[in-house]
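Structural characterization, general
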Amino acid sequence: DKTNNFEKINTDFNFKKNRILVEVFSKKSFKKAIKNNIMNPIFNYNAGDFNFIVRNNIKIISASVEDILKNQKDFENLIKKSIFIFAYTSSETEFINEYLGKLFTNVYTDFWDLNLKKCSRKGKICSTY
C-alpha cells in the first residue's frame, strides 16, 4: 500500500518483510524506504524517471496507463531489463491482452474475473483510465 511511515511498517507487521510492497511517489521517499529496510518499494514512475530507475537498480515500479502509453519506448526498455511494471488502471480485456508483457507486467484492475480472464462488471463498460 501507500505510506511514508516505514518505521511503523517495520514494527507493526509480523510476517516476512519480503511480502510487503509499499508504493512510493518520489525519489526522496524511495531512498527513505531503502534506508529503512523496505525490501520491495514500488517506485511510481513519472515522465523523465527512466534513468533514475535504471541507475538505482529499481526492480518494481507503478505507472499510470496514460504515462505508459505516452512513453512506450521507456517501458519496452524497462521490460527488457526485467523490471516489474504495475499499470494502473484497466479493466479492458483487449487493452490488457495487447500490452501485457510488452509495456507492463502487471495491472491494477477493478472488475477482473480471474477464472473468466475478463472484466466482470455487469451492465457497465469495462474501461482503461
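Structure first, text after, so check above.
Let me sum up the structure you'll find in this document. (Residues numbered from 1 in each chain as written. Predicted model: local features only at pLDDT ≥ 70, side-chain atom pairs only at ≥ 80, totals over all residues. Heavy atoms only, no water.)

A few points about the sheet that holds strand β2 (residues 40-44)
In spatial order, the strands read β1-β2-β3-β4-β5; together these five strands make up an open sheet with parallel pairing. Two strands in the sheet have a free side with no partner beyond their single neighbour: β1 (21-24) and β5 (106-108). For this sheet the average axis-to-axis angle between neighbouring strands, irrespective of direction, equals 25°. As paired strands, β1 and β2 are joined by four bridges and run parallel to one another. Across the sheet, the residue bridging to Leu21 is Asn40, located in β2. Sheet strands touched by helix α2 (residues 27-35): β1 and β2. Its angle to β2, the strand with the most contacts, is close to 175°. (Pairing = 2+ DSSP bridges. Helix = DSSP H or I, 4+ residues; strand = E, 2+ residues; numbered from the N terminus. Axes fitted to C-alpha atoms, helices over the stretch in contact; angles between N-to-C directions. Contact = heavy atoms within 4.5 Å.)

Some thoughts on the side chain of Ser91
One can find Ser91 in the loop between β4 (84-88) and α6 (93-99). Of note is the side chain of Ser91, whose polar atom sits 3.0 Å from the side chain of Thr109. Beyond its immediate sequence surroundings of up to four residues, Ser91 is in contact with Ile96, Thr109, Asp110, Phe111, Trp112, Cys119, Cys126 and Ser127. (Polar contact = N/O pair within 3.5 Å; in protein donor to acceptor, adjacent residues only side chain to side chain.)

Side note on the state of the cysteines
Counted under the stated rule, the structure contains one disulfide. Covalently, Cys119 is tied to Cys126 through a disulfide, its sulfur atoms 1.8 Å apart. Across the S-S bond of Cys119 and Cys126 the torsion is about -75°, and the bridge reads as left-handed. Given the relative accessible area of 23%, Cys126 is considered partly exposed. (Disulfide = S-S within 2.5 Å. Buried < 20%, exposed > 50% of the residue type's maximum accessible area, 1.4 Å probe, protein only.)

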